[in-house]
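Topology and contacts: notes
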Amino acid sequence: MGTHLIGDTSEVVVGRGRPRPLLPPSATRARVALLVQPGAEPVGDAVADGLDVPVERLALREGEEAKTLEAVGEVYAWLARIGLGRDDTVVVVGGGAATDAGGFIASTWGRGVEAVHVPTTLLGAVDAAIGGKTAINIGGKNLVGTFWLPRRVVVDLDVLEALPERLRREGAAEVIKAGFIAAPGVVDAYRRHGVDVPLESVVEAAVAVKTRIAASDLRERGERALLNLGHTVGHAVEFASGLSHGESVAIGMVAEAHIAAAKLGFEGVEMVVSTLERTGLPTRVDGLDRDRVMELMWRDKKRDRDGLRMVLLREVGRPEVVHVEADDVWPGLEAVGV
Ligand code: GLY
């Protein structure tokens, strides 16, 4: 198990258990603000026990509720009450929504304080917690955010292996996404084992893909956009349907595979569908209004002057950012039931 670096200051530690001490050394840190997602209290307790500076602790709101402006305002008010200083640290324990919101709070409190993330979901561990994208939801998912690299991300395989199947399945969508982008061995592993894949090797590989791409293009001027595979359709499906992020990304990857087949001659549509099905992820969604999904996609950050940017596979391991028009997108949506 290893340590993956993004620049000189952000490290992702993958292993069993947590490093001791949990936090990187600091001569000036006086306290830690520990933000814990509901349900992650046992990991929050263990993290608190492992800290050698005074800890103040606050429960975040559940899931995406933590990403509302109101919820973030409550945390700011609490940070003011406890007097968190600029040399102090925000430690976030929880899934992707918790690290999105907690990272945003750390990046804006005192114009930016150190953040350390302890992801407690597979999805958070291989994607959301890594690479410094923070986000809250105002008018659309993740429309407000910052780039703020966490000083350390602690990926504890023991925590991930103990997750209920539902969360291992949801996170699998992002692990498989990393596989389609640059780690074909991950795709093979899920095709063999489904959701019960041994996590050790696939997590390490997915973290390596994420850290390498984020390090090469932190602010998403180019290569980092490749990590959005499945997300252009997926975010719109998520917002319109209420399905989970992982389920929506799975559906998005299928829709975008169909679009890739038409635009780039991608020949792996059946392989994408069967890999996701083998893992128990949905590949269709019923009952959504196609115009609404289209409208949400065109409101997305991935739009620019020339249209909508979408990541399409030429083949597994060869993703490209391509401009698409509405006429390219309709058949992809139709293929997943939208
Ligand atoms: N979740 C995609 C990225 O971090 O760029």
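To be clear, the structure that these remarks concern was listed above.
These remarks concern the structure in this document.

Digging into the nonpolar core
Ranked by internal contacts, the top residues of the largest apolar core, which has 74 residues, are L122, L160, Y190, V203 and M297. Here this core gets 10 residues from one element, more than from any other, and that element is helix α10 (residues 245–264). Once residues within four sequence positions are removed from consideration, L160 is found in contact with T121, L122, A125, V155, R168, L199 and V203. Ranked by size, the runner-up nonpolar core spans 21 residues in total, among them L35, A66, V92 and I105.

Considerations on unusual backbone geometry
Put simply, R20 and P21 share a cis peptide bond, and its omega is 0°. When you line up the elements, P21 lands in the loop between β2 (10–15) and β3 (32–36). Positive phi, close to 60°, is recorded for R111, a residue that is not glycine. Residue position: R111 is located in the loop between α3 (96–108) and β6 (114–119). Of note, E220 is a non-glycine position whose phi angle comes to about 55°, a positive value. Tracing the backbone through its elements, the reader meets E220 in the loop between α8 (199–216) and α9 (231–241).

Points about the site of the ligand
In the region of the ligand, the neighbouring residues are D127, K133, K210, R224 and L227. Separating a nitrogen atom of the ligand from a side-chain N or O atom of D127 is a distance of 3.1 Å. K210 places a side-chain nitrogen or oxygen 2.5 Å from an oxygen atom of the ligand. Coverage of the ligand by the protein amounts to 90% of the 200 Å² it exposes when considered alone. Grouping the constituent residues of the shell around the ligand by class yields one nonpolar, no polar and four charged.

Focus: the pairing of strand β4 (residues 55–59)
Taken together, the five bridges between β3 and β4 define a ladder with parallel strand orientation. Along β4, the bridge assignment pairs L34 with R57. Crossover handedness for the path β3 to helix α1 (residues 41–49) to β4: right-handed.

Description of the pairing of strand β5 (residues 89–94)
Most of β5 is tucked away: six of the six residues are buried. Where burial is concerned, the two faces of β5 agree: the one with T89, V91 and V93 and the one with V90, V92 and G94 are both buried. As paired strands, β3 and β5 are joined by five bridges and run parallel to one another. From the neighbouring strand, L34 faces β5, where its bridge partner is V91.

Re the environment of L312
With respect to the secondary-structure elements, L312 resides in strand β9 (residues 307–315). In the structure, L312 is positioned 12 residues away from V324 in sequence and 10.0 Å away in space, judged by C-alpha atoms. Not counting the four nearest positions on each side in its chain, L312 is found in contact with E256, I259, A260, K263, L264, R318, P319, E320, V322 and V324.

Let's talk about the packing of helix α6 (residues 165–182) against α8
Packing of α6 against α8 leaves a shortest axis separation of 9 Å and a crossing angle of 55°. Considered as vectors, α6 and α8 are oriented oblique to each other. For the pair α6 and α8, the sense of crossing is left-handed. Contacts between α6 and α8 pair R168, V175, A178, I181 and A182 from the former with L199, V202, A206, V209, R212 and I213 from the latter. The residue inventory of the contact of α6 with α8, partitioned by class, reads nine nonpolar, no polar and two charged.

A short note on the sheet that holds strand β7 (residues 152–156)
Sheet strands associate in pairs through backbone hydrogen bonding, adopting either a parallel or an antiparallel arrangement. With mixed pairing, the seven strands of this open sheet are ordered in space as β1-β2-β7-β6-β5-β3-β4. Of all the strands in the sheet, the pair left with one neighbour each is β1 (3–6) and β4. The sheet shows a mean angle of 15° between the axes of neighbouring strands, direction not considered. Looking at chain direction, β5 and β6 are connected through six bridges and run parallel. Each bridged residue has a counterpart across the sheet, and for G94 the counterpart in β6 is P119. Running over the sheet, α3 touches β3, β5 and β6 and is turned about 170° from β5.

Scoring rules and cut-offs
Each chain has its residues counted from 1, running along the sequence as written. Under the rules for a predicted model, residues below a pLDDT of 70 receive no local features and side-chain atom pairs below 80 are neither given nor counted, while totals for whole chains, interfaces and linings still include all residues. For the side-chain quantities, the full set of heavy atoms in the structure was used; hydrogens and water were omitted. By convention a nonpolar core is built from buried Ala, Val, Leu, Ile, Met, Phe, Trp, Tyr and Cys residues, the set being connected through side-chain atoms within 4.5 Å. Partly exposed describes any residue whose relative accessible area lies between the buried limit of under 20% and the exposed limit of over 50%, with all areas from a 1.4 Å probe on protein chains only and scaled to the type maximum. Strands are runs of DSSP state E lasting at least two residues, helices are runs of H or I lasting at least four, and both sets are numbered from the N terminus onward. Here a residue-residue contact requires only that any non-hydrogen atoms of the pair lie within 4.5 Å. We call a residue near a given molecule or strand whenever any one of its heavy atoms falls within 4 Å of it. N or O atoms within 3.5 Å of each other form a polar contact, as long as, within protein, one can give a hydrogen and the other can take it, and as long as residues adjacent in sequence are counted only when both atoms are side-chain atoms. All accessibility values rest on the Shrake-Rupley procedure with a 1.4 Å probe; residue burial counts only the protein chains present in the view. In the scheme used here, Gly and all other residues not listed as nonpolar or charged are polar, with Ala, Val, Leu, Ile, Met, Phe, Trp, Tyr, Cys and Pro taken as nonpolar and Asp, Glu, Lys and Arg as charged. Strands pair, by our definition, only if DSSP identifies at least two bridges between them. By convention, orient the strands away from the viewer: a clockwise path from the first strand over the helix to the second makes the crossover right-handed. Helix axes are fitted only over the stretch in contact, all axes being lines through C-alpha atoms; the angle between N-to-C directions runs from 0 to 180 degrees. When an angle is under 35 degrees it counts as roughly parallel; over 145 it counts as roughly antiparallel; between 65 and 115 it counts as roughly perpendicular; any other value is oblique. Less than a right angle of anticlockwise turn of the near helix away from the far helix marks a crossing as left-handed, whereas a clockwise turn marks it as right-handed.

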